[in-house]
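Observations on the three-dimensional arrangement
Spelled out from the first residue to the last, the chains are:
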Amino acid sequence: MTNHAIKYRLIKKEKHTGARLGEIITPHGTFPTPMFMPVGTQATVKTQSPEELKEIGSGIILSNTYHLWNRPGDELIAQAGGLHKFMNWDQPILTDSGGFQVYSLVENKKNITEEGVKFKSHLDGRALFMSPETSIGIQNNLGSDIMMSFDECPQFYQPYDYVKNSIERTSRWAERGLRAHQRWHDQGLFGIVQGAGFKDLREQSARDLTSMDFSGYSIGGLAVGESHKEMNAVLDYTTVLLPEDKPRYLMGVGAPDSLIDGVIRGVDMFDCVLPTRIARNGTLMTHFGRVNIKNAKYEYDFTTLDPMCDCYTCKNYTRAYLRHLIKADETFGLRLCSYHNLYFLVHLMMEVRQAIINDNLLEFREAFCERYGYNLP
Ligand SMILES: Nc1nc2cc3nc(NCCc4ccc(CCO)cc4)[nH]c3cc2c(=O)[nH]1
Ligand SMILES: [Zn+2]
């Protein structure tokens, strides 16, 4: 299979790190990498319209196989003409496979078998079953541009033997998913490398998956409670195992320092619910660190949220106004705060891409983290 619908073009490597500047070409358009992808789990990035997402500069958004299969149903979305049409988003969409979600819904490990996973719906408790074939079939119905293999994401501190059995089954599931995938001509499929914090298991998982012709590779099993240091250690020895001519996607990562550290270690794509999730309780990321806008000190603060941000929120509203809206639980406050946090991360990636062009990513990291208040190791 060489005629992948998803193509990666490596434009430039940063001189002093493993960072890469590239672009990913999809049937719904091309986006630059490194890129942060806003999460729209239920076919909407919460509180943001497609026009606002384009204004923010989101080149691609995420949605979720398990959630959309459960409600409103992948058949309904297929009848609507697919997810792009259903949600009026004409740019690239990536769907996660449901692997990560179903694990939080499995009541007993014995419901995880070679065939697939038995679990209960988070909506009404009805019995559900998901397998590589069902996950691929749902993603084919949704018509996402980039699909994920159905995998098991073990907790980071599981025993070695459990993780070894898990990654071997995940590799067998990945192979079944490849076979079940019906629409190579317009949908790419990524393999997901697992292995928790065990170097030899990460190597085994990467070897298995890179021997299969996926359009790209995700690094899974991270951002599940391990430390920043442990995540970086896994990335240090995992990204180098993945082919240079295909995209690398680190799942679930969204804190500014983790994004920069992931790029330095050769990651091209990131997603996380963080920006919109924390925005809804008034936690805002700014160039000078986090601002908890509900704090009394902002009551009479008639200055802009982030003097270094040129987003709609920062250009038109004050901290006092944002604080008022969030305290009053006004929906407009959720919109303005979500817009800013998404804009902050998407534009952080723009600044990182510029630093790769200038070959000064390490200096950029130093200055960014110093200003943000991260104490660097
Ligand atoms: N298929 C698949 N999907 C994944 C999604 C993930 N998402 C994460 N982490 C997200 C962690 C996360 C969750 C919520 C918030 C909001 C603020 O607390 C922030 C981060 N790790 C992940 C790993 C996998 C994985 O191996 N396989
Ligand atoms: Zn802003």
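As the structure is a computational prediction, the values presented were derived from the model and not from experiment. (Residues numbered from 1 in each chain as written. Chains lettered and ligands numbered in written order. Predicted model: local features only at pLDDT ≥ 70, side-chain atom pairs only at ≥ 80, totals over all residues. Heavy atoms only, no water.)

The next point concerns the overall build of the chain. Helix and strand content of the chain: 15 helices and 15 strands. Taking 377 residues into account, the globule formula puts the C-alpha radius of gyration at 21 Å, and the chain, at 20 Å, falls close to it. Counting only C-alpha atoms, the chain reaches 60 × 50 × 40 Å along its principal axes. The proportion of buried residues among the 377 residues of the chain is 59%. With 41 positive and 45 negative side-chain charges, the chain shows a spacing of 2 Å between the two charge centroids. (Helix = DSSP H or I, 4+ residues; strand = E, 2+ residues; numbered from the N terminus. Rg over C-alpha atoms; globule rule 2.2 N^0.38 Å. Buried < 20%, exposed > 50% of the residue type's maximum accessible area, 1.4 Å probe, protein only. Lys, Arg positive; Asp, Glu negative; His and termini not counted. Charge placed at Lys NZ, Arg CZ, Asp CG, Glu CD.)

Estimated volume of the largest pocket: approximately 670 Å³. Val 39, Thr 41, Phe 100, Gln 101 and Val 273 are, among the 34 residues lining the largest pocket, the residues nearest its centre. Mapped by element, the contributors of at least two residues to the lining of the largest pocket are strand 5 (61-64), helix 2 (65-70), helix 5 (99-103), strand 13 (269-272) and helix 11 (274-279). Sorting elements by how many residues they give to the lining of the largest pocket places strand 5 first, with three residues. Among the residues making up the lining of the largest pocket, the classes are represented as 13 nonpolar, 15 polar and six charged. (1 Å grid on protein atoms, 1.4 Å probe; cavity = no way out; pocket = protein on both sides within 12 Å on 5 of 7 lines; lining within 4 Å. Points joined across faces, edges and corners; volume = space filled by probe spheres on them. Nonpolar A, V, L, I, M, F, W, Y, C, P; charged D, E, K, R; others polar.)

Within the protein, the zinc ion (ligand 2) binds to Cys 309 (SG), Cys 311 (SG), Cys 314 (SG) and His 340 (ND1); these donor distances fall in the range 2.1 to 2.3 Å. In this structure, the zinc ion (ligand 2) is surrounded by four donor atoms whose angles at the metal cover 101 to 116°, and the resulting shape is tetrahedral. Between consecutive donor residues of the zinc ion (ligand 2), the sequence gaps follow C-x1-C-x2-C-x25-H. What makes Cys 314 buried here is its relative accessible area of 7%. (Donors = N, O, S within 2.8 Å, 3.2 Å for Na, K, Ca; no water. Tetrahedral: all angles 85-135°; square planar, octahedral: opposite > 155°, others 65-115°.)

What follows is about the sheet that holds strand 10 (residues 188-193). What the eight strands build is an open sheet, ordered 4-13-12-11-10-9-6-5; its pairing is parallel. Where the open sheet ends on each side, the last strands, each with one partner, are strand 4 (35-38) and strand 5. The sheet shows a mean angle of 25° between the axes of neighbouring strands, taken without regard to direction. Note that strand 4 and strand 13 share four bridges and pair parallel. Its bridge partner being in strand 13, Pro 38 is matched across the sheet by Cys 272. Where helix 6 (residues 132-142) meets the sheet, its contacts fall on strand 6 (93-96), strand 9 (146-148) and strand 10, and the angle it forms with strand 9 comes to roughly 160°. (Pairing = 2+ DSSP bridges. Axes fitted to C-alpha atoms, helices over the stretch in contact; angles between N-to-C directions. Contact = heavy atoms within 4.5 Å.)

So yeah, pure geometry; function would need other evidence.
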